[in-house]
Amino acid sequence: MKKVLVFGGFGFLGYYLLKELLSRGYELVVADIKDDSEFKEVVHYIHCDISDQKQVEAVFKNQNYDIVYNLAGFANLDFSIKAPLKTMQLNIIGNMYVLEACIHAKIKKFVYASSAYAMSNKGSFYGISKLASEKIIEEYHEKYDLDFTILRYGSVYSERDYDNNYIYNLVKKAVIENVINHKGDGNEIREYIHAGDAAKLSVDVIESDKFNNVHVILTGTERIKRSELFNMINEILNNKIEIKYNNKYNNHYKFTPYSFEPSLSRKLMANPHIDMGQGILECIRSVYKNERNI
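In this text, all values refer to a predicted model and were calculated from it rather than measured experimentally.

Caption draft 1: Spotlight on the overall build of the chain. Looking only at helices and strands, the chain has 9 helices and 14 strands in total. For 294 residues, the compact-globule estimate of 2.2 N^0.38 gives 19 Å, and the C-alpha radius of gyration of the chain, at 19 Å, lies within 12% of that figure. C-alpha atoms of the chain, sized along the principal axes, occupy 55 × 40 × 35 Å. A total of 294 residues make up the chain; the buried ones form 53% of that total.

Caption draft 2: Examining the packing of aromatic side chains more closely. Here the structure, examined in full by the defined rule, presents 11 aromatic pairs. Between Tyr-117 and Tyr-126, the aromatic rings sit 6.4 Å apart at their centres with planes inclined by 70°, giving edge-to-face as the arrangement. Overall, the relative accessible area of 10% leaves Tyr-117 in the buried class. Aromatic ring contacts, followed pair by pair, group Phe-7, Phe-60 and Tyr-65 into a single cluster. The ring of Tyr-15 has Arg-160 lying over it, and the distance from NZ or CZ to the ring centre is 3.6 Å. When the ring centre of Tyr-166 is taken as reference, the NZ or CZ atom of Arg-226 above it lies at 4.4 Å.

Caption draft 3: Geometry of the side chain of Arg-226. The topology assignment puts Arg-226 in helix H8 (residues 226–236). Side chain to side chain, Arg-226 and Tyr-192 meet in a polar contact 2.7 Å long.

Caption draft 4: Highlighting empty space enclosed by the protein. As enumerated under the stated definition, the model contains 1 cavity of 30 Å³ or more in all. Estimated volume of the largest cavity: approximately 140 Å³. Taken together, 16 residues make up the lining of the largest cavity; nearest its centre are Tyr-192, Gly-220, Thr-221, His-273 and Ile-274. Looking at the lining of the largest cavity, the element that brings in the most residues is strand S10 (residues 192–194), giving 3 residues. Each residue belonging to the lining of the largest cavity can be placed in one class, and the counts come to 7 nonpolar, 5 polar and 4 charged.

Caption draft 5: View of the pairing of strand S5 (residues 109–115). The buried count for S5 comes to 7 of 7 residues, which makes it a mostly enclosed element. Examined bridge by bridge, strand S4 (residues 67–70) and S5 share 4 bridges and lie parallel to one another. For Val-68, the partnering residue across the bridge sits in S5 and is Phe-110. As a crossover connection, the stretch from S5 through helix H5 (residues 124–144) into strand S6 (residues 147–153) is right-handed.

What counts and how
Residues numbered from 1 in each chain as written. Predicted model: local features only at pLDDT ≥ 70, side-chain atom pairs only at ≥ 80, totals over all residues. Heavy atoms only, no water. Helix = DSSP H or I, 4+ residues; strand = E, 2+ residues; numbered from the N terminus. Rg over C-alpha atoms; globule rule 2.2 N^0.38 Å. Buried < 20%, exposed > 50% of the residue type's maximum accessible area, 1.4 Å probe, protein only. Phe/Tyr/Trp six-rings, centres within 6.5 Å; stacked < 30°, edge-to-face > 60°. Lys NZ or Arg CZ within 6 Å of the ring centre and 35° of its normal. Polar contact = N/O pair within 3.5 Å; in protein donor to acceptor, adjacent residues only side chain to side chain. 1 Å grid on protein atoms, 1.4 Å probe; cavity = no way out; pocket = protein on both sides within 12 Å on 5 of 7 lines; lining within 4 Å. Points joined across faces, edges and corners; volume = space filled by probe spheres on them. Nonpolar A, V, L, I, M, F, W, Y, C, P; charged D, E, K, R; others polar. Pairing = 2+ DSSP bridges. Right-handed = clockwise from strand over helix to strand, strands pointing away.

Listed below in structure tokens is the structure:
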């Protein structure tokens, strides 16, 4: 049984990653500043703030891990714009603390949660932090022979309530306020992938050597306009939603994250996958369950 350490394992994507790793029989340790996950009873939990190097080092003390995932740090583009210094401290310096500890612990493989914005001239401080971390990881491989897989996640969503779960928060506002406010014209294109599908692919990459030292893009199977997404939500909610558009669409990419691709990537898509309509229905059910006063 391989032992896997997951930094940020109690976050949005971490929830699904832990489920998938547990289903495949891995022994799990989670390092996170959060301690309120339902998985706390079935995994070994260590409190850790990755911006504190001593806390990161303590996670590796008297432990032998085979694989380390880093999902920790800022994952919300809009939040990062308001806090550029903290974004760099968490996403770059924090990741370097983890890398340093991996080298000293002789970790066999490091898996980094990056973003499609690492390939884009959009994304502001968030995209910059992800691209910088990618280049640093590549350099650690060159200098210290640390095998890695960089996962560039696209538009991930699910039925769980997290601040960086765009579709859930969109559905929640539509259900509670009967309105969708969009800072754009609705022609923006995304390839949404359910977090459950993203998690399966995120575990697949540690079970094959063909994903060693490569960048992998994880997106959905269908391209959909934001306006089509809004109309789908509206139709499921019996056309009671007012949809408002404006043209203040800054920092996010419109049609594609590809501005300049700094290094080659493979693209993985789940097959079979969770259907978009079914995924939205699960979001709506979850909102009604969580917001009991509706």
